[in-house]
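Okay, here's what each chain looks like letter by letter:
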Amino acid sequence: LHDLPEGLAIMAPRRIWPTVRSPILSISGKLRMACEWFIRRRSETSDESLAGFARRRFGRETFERLIQPLVSGIYMADPEKLSMLAALPRFVEMEAKHGSLIRAARIALREQKKRELIGADSTNGGGMFVTPRAGLGRLISEIVDQLPTNTVRLGSSVSHLSPKPNGGWNVTVRSDGRSAVEEFDGVIVATPSDTAERLFGGINDTLQRQLASIDHSGCIIVTLGYSLSDIRHPLNGLGFVVPEIEKRELIACTLSSVKYAGRAPEGQVLLRAYLGGATRPHALKLDDEEVLQVVARELNPLLGIHGKPRMTRISRWPNVMPQYQVGHLDCIDRIDAEVAKLDGIELAGNSYRGVGIPHCIHSGEQAAERILRFLSRVQNTTLQKQTALAPIEIQS
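Residues numbered from 1 in each chain as written. Predicted model: local features only at pLDDT ≥ 70, side-chain atom pairs only at ≥ 80, totals over all residues. Heavy atoms only, no water.

Scanning the chain from N- to C-terminus turns up 14 helices and 12 strands. Based on the C-alpha atoms only, the size of the chain along its principal axes is roughly 100 × 55 × 45 Å. Here the chain, with 396 residues, has 37% of them falling under the buried criterion. With an accessible surface of roughly 23,500 Å², the chain has 53% of that area assigned to carbon and sulfur atoms. (Helix = DSSP H or I, 4+ residues; strand = E, 2+ residues; numbered from the N terminus. Buried < 20%, exposed > 50% of the residue type's maximum accessible area, 1.4 Å probe, protein only. Areas by Shrake-Rupley, 256 points an atom, 1.4 Å probe, with all protein chains shown as cover.)

Dropping the structure here:
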């Protein structure tokens, strides 16, 4: 394992010297990376894959050794298909504005130092990785606690949607082995796009086809608990990513109890290993015993593990990570256009315009605002009709 160069933001090095000193790249690879400063910006405005963008600007070695593993660890994606405009638009903007990502990163570093000097930098120095102390489930439980009683119903599945003739939606809900049709003024479909596709059956065929065109990858997360004495590695990092050219099954490993406080008892370590993704889909076909064998074979030498795990947990997540392939944003524009033809229904979730938690929250807020605006218009129209049709009493 080698430290990533300090100041590297996926593919924009903010500091040159750490990259020069890094053993990850060869001398020729470093020279080609340095040439990025002089590579002309792309004149075309069409979408481009991550692999095409990274090789064009930094060369093959930097792409394979640094950029691919970092991005794949986030998106579980095939870099030859991953859309820059949909997944990494900031770097496209950096090239368009500054001509060079290295130049843009250096400018950003200088601006940050200026803000720090005048005390205008709002960062708290606590690092870029934060999470609720009690786990991410706390986000959901806090929302539920603030909602009216019986607002959230568990163990209930929605099998069908259909528009009502006079406005609103019929929602077929299955619970306790029985199905019932319930009526709602507005609906937000916050499921993955492949589930949304099934729900729109018989409503809009074009929308169905567009939703079906969004591919998904899956992964396996193996959670492992060890005694600290069973690991020789100093665990002086937050985790590591594995370049695809290493031909390993392992995509990445997070040192969870190092990354976040309170994740393991004193003297013990919690690790999470990741397998699968768009380029290693066969990993999801392994049974539990095979998964543990693969993880032990690849993880133990890297971290110097010489004991057995005190705890193991295998979590399988098939088809959960949407793949933002080249042209994804055009597809989403077409989906939005079809949804706009349907009154009182909206889409939200990570299948559309961002996979991260902040993106999903923003997506939900936007969908809720659109629904509220629609219902407000319906209510105003109804009031106007009632006023127009109200009986008028004429006194002599």
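Before going further, it helps to examine the pattern of salt bridges. A full pass over the atoms with the stated rule returns 17 salt bridges. When the shortest N-O distance is used, the salt bridge between Glu44 and Arg42 registers 3.6 Å. On the basis of relative accessibility, which here comes to 52%, the residue Glu44 falls in the exposed class. In this structure, Arg55 engages Glu80 in a salt bridge whose closest nitrogen and oxygen atoms are separated by 3.0 Å. In this pair, Arg55 is assigned in helix α3 (residues 50-58) and Glu80 in the loop between α4 (60-75) and α5 (84-87), connecting sequence segments 25 residues apart. With relative accessibility at 33%, the residue Arg55 sits in the partly exposed group. Connected through salt bridges with shared partners, the residues Glu36, Arg42, Glu44, Glu48, Arg56, Arg57 and Glu95 form a single ionic network. (Salt bridge = Lys/Arg side-chain N within 4 Å of Asp/Glu carboxyl O.)

Here we take up the side chain of Thr172. With respect to the element layout, Thr172 can be found in strand β4 (residues 169-175). A relative accessible area of 16% places Thr172 in the buried class. In contact with Thr172, other than residues within four places in its own chain, are Ser157, Val158, Ser159, His160, Ser179, Ala180 and Val181. (Contact = heavy atoms within 4.5 Å.)

Glancing now at a positive patch on the surface. Together, Arg15, Arg106, Arg110, Lys113 and Lys114 make up a region of like positive charge exposed at the surface. Looking at the secondary structure, you find Arg15 in the loop between β2 (12-13) and α1 (16-21). For Arg15, a relative accessible area of 33% translates into the label partly exposed. (Patch = residues over 30% accessible without salt bridge, like charges linked within 9 Å, V, L, I, M, F, W, Y side chains within 5 Å. Lys, Arg positive; Asp, Glu negative; His and termini not counted. Charge placed at Lys NZ, Arg CZ, Asp CG, Glu CD.)

In this section: the pairing of strand β5 (residues 178-184). Across seven bridges, the pairing between β4 and β5 is antiparallel. In the sheet register, Ser175 faces β5, and the bridge partner there is Arg178. Counted along the chain from β4 to the antiparallel partner β5, the turn is two residues long, and its residue Asp176 has a positive phi close to 55°. (Pairing = 2+ DSSP bridges.)

The full count for this structure, using the stated rule, is one cavity of 30 Å³ or more. In this structure, the largest cavity encloses a volume near 30 Å³. Taken together, Ser72, Met76, Ala77, Ile251, Gly276, Gly277, Ala278, Thr279 and Arg280 form the lining of the largest cavity. Across the lining of the largest cavity, the residue classes tally to four nonpolar, four polar and one charged. (1 Å grid on protein atoms, 1.4 Å probe; cavity = no way out; pocket = protein on both sides within 12 Å on 5 of 7 lines; lining within 4 Å. Points joined across faces, edges and corners; volume = space filled by probe spheres on them. Nonpolar A, V, L, I, M, F, W, Y, C, P; charged D, E, K, R; others polar.)

All right, on to a nonpolar patch on the surface then. A surface patch of nonpolar side chains, about 900 Å² in accessible area, is lined by Leu136, Leu139, Ile140, Ile143, Val144, Leu147, Val152, Leu154, Ile357 and Ile361. Contributions of two or more residues to the nonpolar patch are made by α8 (137-146) and α14 (357-389). Sort the elements by how many residues they give to the nonpolar patch and α8 lands first, with four residues. For Leu139, the position within the fold is in helix α8.

Our focus in this paragraph is the nonpolar core. Met11, Leu88 and Phe91 are the most contacted members of the largest nonpolar core, which has 39 residues in total. Looking at this core, the elements that each hand over two or more residues are α3, α4, α5, α6 (89-98), α7 (101-117), β7 (216-227) and β9 (250-254). At six residues, the largest contribution of residues to this core is made by α4. When sequence neighbours within four positions are dropped, the list of residues in contact with Phe91 reads Ala9, Ile10, Met11, Ala12, Phe53, Met84 and Leu101. Membership of the second largest hydrophobic core comes to 23 residues, among which are Leu235, Leu271, Ala283 and Val291. (Core = buried A, V, L, I, M, F, W, Y, C linked by side-chain atoms within 4.5 Å.)

What follows concerns the packing of aromatic side chains. Following the criterion strictly, the structure yields zero aromatic pairs and no others. Its end group placed over the ring of Phe91, Arg90 keeps NZ or CZ at 4.7 Å from the ring centre. (Phe/Tyr/Trp six-rings, centres within 6.5 Å; stacked < 30°, edge-to-face > 60°. Lys NZ or Arg CZ within 6 Å of the ring centre and 35° of its normal.)

Turning our attention to unusual backbone geometry. In most cases, non-glycine residues show a negative phi, while peptide bonds are predominantly trans. The backbone of Ile10 shows a phi angle near 65°, a positive value even though the residue is not glycine. Unlike most non-glycine residues, Lys247 shows phi in positive territory, near 60°. Secondary-structure assignment places Lys247 in the loop between β8 (239-241) and β9. We classify Lys247 as exposed; its relative accessible area is 73%.

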